[in-house]
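# Understanding the architecture of this molecule
The primary structure of each chain is shown beneath.
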Amino acid sequence: MTNRHERRKAATTSRKKLAQLNTATLDQHFDDRLHRVRTEFERTGGIDPEFECVTDGESFQVPAYWPDRGAKAQVCAALRDSFRRRKVNRYVFASEAWVGKTPGLLPSDDPDRTERVQVIAVERNGPRRYAFAEITRNGGTAILGQWEVTGDIPPGWLFELLEEGHSDRTPKEEPPPVPRLSARDVQTLMYEDPAQGTEFRESFEICDQLGDLLADQIQDADSDALSKFMALESILRSTVRDMGSPKGIGAFARFLRDHPDIFPMFATVRESVPSIERVRHWKAKLQRFICEKRELGHPPSAMFGAFMNLYLCVGSRAVGAVDLADRIENWDPEHQAKLWQVGLRSSFELDDEEGHVFIALSAGYYPNGVMGRRNAVGDLFVSRVGALSYGDFATAVDNIKQSGIELIVGSEAKELLCKMEQVKGVAPRPDKIQEIWEVENWGDDEWIEQTRAEVVFAKAMNIRYEPDRRNLKGVVAGYRVRRAPNGLVLLPSDSDEDVFVAVSVEKTKRWACVLGWLRASEGRLPQFYQKNCWIVPPEALHDIEELPGKERLQVMPPYQEPDLDDLPNDGD
């Protein structure tokens, strides 16, 4: 039976083993992981999903938990960025997985699904390995079958995390990852700069005392995590204001994103709605704590360091490091200054309980909307841009109205969204329509891939299609088919309501795959934005079995092989 203690013990052994793998080859690392996964499964009846990552100077592990399909897309974007900045050369991933058997059903919805353990190994600019073993359950007993090692690598984002983003675009400049401060670094600092070293030591001591304070007088430390987090954030922002809004707060957001091995990407405690009374309770305790420390002469900078460290730990458990990083950037004084420059104000300027919530929506920007608060005199204070989960703009409007939250639409909402796009560095939609081939500077090879993508989609849908050189937009049966070598590229000029189908084509391997579909409005999310376009990873796409309007294709003439040379063959 599954035993959490046994899994943690196995994880400790795995970390010790990982330190020895820096000099191993991909195959050695892969084979060793297969052995350790089987040992762990036979001992505990399961395995925890995890990446083992190797760089030139370090090895680290990233727990891989994601609560839903949308979170998978966030994981893909977050890990790809982290692995790039930390210069990961290799990763080996192991997890349990469901395999669907019924066409049209997701594995999670398929009653006939099977279970397996999969192990994936990827070397930067090198080979890939894939193996799986079926799981058989008999009551409380789980048996792992023999490994099947195959050279047929299935398509998926889990194999693409060492790609540098869209291959046709120049990589954007970005700061290096914020390094961790080791015990030896602190000792060196205390020797070279005794004053700053003393401040660091004080900050660590205060942080420990803060942790004891927040864990006191409560039976279940995790049950109140969100209340503690909100109280910590309120006190921390007050401390920042008292310090004169110091620069560099955004570095903490980068630290969260670059170290998924330290901070869980998603919340690890049960979801709850904190009461105002509990938040007030913890704020009062923290304010008394601050007063005591100030009376002892501790400087504001030491207090800030202590609160920030605990805020990162508590916040990553309460809301997850992915959302926490976004939240830090939104209350960062430098971000608030950018809002002022475009005539906006931040909701973090308000007291915690001041004002009421609003959502601003514009049909042309849906599903993105601006969240914020309106104060007593009617002024708007913005919090963030977020994606709504409702299927379309009209449904979102109806549901928000019924919820009682203030809804802003029309020109006022559009103006807020435009200004927030300026602050976030997202280019406004151009007056001149730019096409995909202009942005990516397509040559003969790209146009051949595009034609193949259209044919492969037609074949998958079993509809007749004759490629036409005049069909520059890749329209097949009303759908916008687009080659997607490293994710689906969406442009500002793409129509929100168009349904795009992404197809990956490998010319050298004579292989192609329909990755999925989405509406352009669904793909324009901040985490996918890269210099004037959006790169949507395959995992964020909808399954092709859920393609809207697919039933109308049944009355169209069936697929016939087009009279073209060098197209994917029947086995593609």
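What counts and how
- Residues numbered from 1 in each chain as written.
- Predicted model: local features only at pLDDT ≥ 70, side-chain atom pairs only at ≥ 80, totals over all residues.
- Heavy atoms only, no water.
- Helix = DSSP H or I, 4+ residues; strand = E, 2+ residues; numbered from the N terminus.
- Buried < 20%, exposed > 50% of the residue type's maximum accessible area, 1.4 Å probe, protein only.
- Contact = heavy atoms within 4.5 Å.
- Areas by Shrake-Rupley, 256 points an atom, 1.4 Å probe, with all protein chains shown as cover.
- Core = buried A, V, L, I, M, F, W, Y, C linked by side-chain atoms within 4.5 Å.
- Pairing = 2+ DSSP bridges.
- Axes fitted to C-alpha atoms, helices over the stretch in contact; angles between N-to-C directions.
- Parallel < 35°, antiparallel > 145°, perpendicular 65-115°, else oblique.
- Left-handed = near helix turned anticlockwise from the far one by under 90°.
- Nonpolar A, V, L, I, M, F, W, Y, C, P; charged D, E, K, R; others polar.
- Salt bridge = Lys/Arg side-chain N within 4 Å of Asp/Glu carboxyl O.
- Phe/Tyr/Trp six-rings, centres within 6.5 Å; stacked < 30°, edge-to-face > 60°.
- Lys NZ or Arg CZ within 6 Å of the ring centre and 35° of its normal.
- pLDDT = per-residue confidence, 0-100.

## Looking at the overall build of the protein chain
Of regular secondary structure, the protein chain possesses 16 helices and 17 strands. A burial count over the protein chain gives 44% of its 572 residues as buried. In the protein chain, 67% of the contacts between residues at least 6 apart in sequence involve partners at least 24 apart. Element-wise, carbon and sulfur atoms account for 49% of the exposed surface of the protein chain, whose accessible area totals about 29,200 Å².

## Looking at the nonpolar core
When a protein is soluble and globular, its nonpolar side chains tend to lie buried together. Within the largest apolar cluster, 38 residues are counted, with the highest numbers of intra-cluster contacts made by Leu-286, Phe-307, Tyr-311, Ile-328 and Trp-331. For this core, the secondary structure elements donating two or more residues are helix H5 (194–215), helix H6 (225–242), helix H7 (250–258), helix H8 (276–295), helix H9 (300–318) and helix H10 (321–331). Top element by residues in this core is H9. It accounts for 10 residues. Grouped together as the second largest cluster of nonpolar side chains are 25 residues, Val-62, Ala-71, Phe-132 and Phe-159 included.

## Digging into the sheet that holds strand E9 (residues 368–374)
Strand order in the open sheet made by the 4 strands is E10-E9-E8-E11, with mixed pairing throughout. Each edge of the sheet is formed by a strand with only one pairing partner; in this case those strands are strand E10 (380–387) and strand E11 (406–408). On average, each strand axis in the sheet is inclined to that of its neighbour by 30 degrees, with strand direction left out of account. In terms of strand pairing, strand E8 (residues 356–361) meets E11 through 3 bridges, oriented parallel. Bridging across to E11, Phe-358 finds its partner in Glu-406. Of the strands in this sheet, E8 and E11 are in contact with helix H12 (residues 393–403), which crosses E8 at around 165 degrees.

## As for the sheet that holds strand E15 (residues 499–506)
Here 4 strands make up an open sheet; going across it, the order is E12-E13-E15-E16 and the pairing mixed. Where the open sheet ends on each side, the last strands, each with one partner, are strand E12 (475–476) and strand E16 (511–519). Relative to strand E13 (residues 479–483), E12 is paired through 2 bridges, and the arrangement is antiparallel. Counted as the bridge partner of Val-476 is Tyr-479 from E13. The sheet contacts of helix H15 (residues 444–461) involve E12, E13, E15 and E16, and relative to E13 the element is tilted by about 130 degrees.

## Comments concerning the packing of H6 against H10
In contact at an axis separation of 12 Å, H6 and H10 are set at 30 degrees when each is read in the N-to-C sense. Between H6 and H10, the crossing angle belongs to the class labelled roughly parallel. Our pair here, H6 against H10, has a crossing hand that is right-handed. Packed against H6, whose contacting residues are Phe-229, Glu-233, Leu-236, Arg-237 and Val-240, the element H10 presents Leu-324, Arg-327 and Trp-331 at the interface. For the contact of H6 with H10, the class distribution of residues is 5 nonpolar, no polar and 3 charged.

## Structural notes on the pattern of salt bridges
Within this structure, the stated rule accounts for 31 salt bridges. The partner of Arg-36 in a salt bridge is Glu-52, and the shortest N-O contact between them spans 2.8 Å. Note that Arg-36 is positioned in helix H2 (residues 26–44) and Glu-52 in strand E1 (residues 50–54), a separation of 16 residues in sequence. Judged on exposure class, the residue Arg-36 and its partner Glu-52 are both buried.

## Digging into the packing of aromatic side chains
Geometry of an aromatic ring pair is reported as the spacing of the ring centres plus the angle between the planes. This model, assessed by the stated rule, comprises 14 aromatic pairs. Measuring from centroid to centroid gives 5.8 Å for Phe-457 and Tyr-479, while their planes differ by 75 degrees, and the two rings are edge-to-face. On the criterion of sequence distance, the pair formed by Phe-457 in helix H15 and Tyr-479 in strand E13 is long-range, its members being 22 residues apart. A cation over an aromatic ring shows up here: Arg-113 above the ring of Trp-98, its NZ or CZ 3.9 Å from the ring centre. Over the aromatic face of Phe-132 sits the side chain of Arg-116, whose NZ or CZ is 3.8 Å from the ring centroid.

## A few points about the environment of His-281
Within the fold, His-281 resides in helix H8. Put simply, His-281 and Ala-231 are 50 residues apart on the chain and 8.5 Å apart in space, counted from C-alpha to C-alpha.

## Considerations on the confidence of the model for the protein chain
Here the protein chain averages 82 in pLDDT, and 83% of its residues register 70 or above. Low pLDDT, under 50, characterises residues 165–170; the stretch is placed with 15 contacts to residues that sit more than four places away or in other chains. Here residues 566–572 scores under 50 on pLDDT; set against residues more than four positions off or in separate chains, the count is 17 contacts.

## Some points on the pairing of E13
In terms of burial, E13 is largely enclosed, as 5 of its 5 residues are buried. Neither face of E13 is left uncovered, since the one carrying Tyr-479, Val-481 and Arg-483 and the one carrying Arg-480 and Arg-482 both have all their residues buried. Between E12 and the antiparallel strand that follows it, E13, lie 2 residues; Ala-477 among them carries a positive phi value of about 55 degrees. Of the pairings in the sheet, the one linking E13 to E15 comprises 4 bridges and is parallel in character. By the bridge assignment for E15, Arg-483 is matched with Val-503.

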